[in-house]
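Secondary and tertiary structure notes
So you can see what is in the structure, the chains are spelled out below.
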Amino acid sequence: MEQEAVGFERDIRPLFREKDVSSMSKAFDLASYNDVRAHADSILAKLSDGSMPCDGPWPEERVELFRRWVEAGCPG
């Protein structure tokens, strides 16, 4: 069975807590589709190596969800 497409507003935006949005605001806006899409590769690299978020790595299934979104071309 085919996996449902991952969308930013429904699937990706809720992954980022307000404290994540606030702590990254100097670099980019994690609440903004355009900013997250523009920086998706570097965000994915940091999520994958556990350096983001700063208070502890995401569970693997969250990283995989973000990876699927990036690999799908960052749909809105």
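On to the packing of aromatic side chains, then. Applying the stated criterion across every chain, the model contains six aromatic pairs. Relative to tryptophan 69, the ring of phenylalanine 66 has its centre 5.4 Å away and its plane inclined at 50°; by these criteria the two rings are tilted. With phenylalanine 66 and tryptophan 69 both in helix α5 (residues 60–71) and three residues apart, the pair spans about one turn of that helix. Taken as a pair, phenylalanine 66 and tryptophan 69 share a single burial class, namely buried.

Bringing the confidence of the model for the protein chain into the picture now. For the protein chain, mean pLDDT is 94; residues scoring 70 or higher make up 96% of the total. The least confident element of the protein chain is helix α2 (residues 18–23), whose mean pLDDT is 95; the most confident is helix α3 (residues 33–38), at 98.

The rules we used
Residues numbered from 1 in each chain as written. Predicted model: local features only at pLDDT ≥ 70, side-chain atom pairs only at ≥ 80, totals over all residues. Heavy atoms only, no water. Phe/Tyr/Trp six-rings, centres within 6.5 Å; stacked < 30°, edge-to-face > 60°. Helix = DSSP H or I, 4+ residues; strand = E, 2+ residues; numbered from the N terminus. Buried < 20%, exposed > 50% of the residue type's maximum accessible area, 1.4 Å probe, protein only. pLDDT = per-residue confidence, 0-100.

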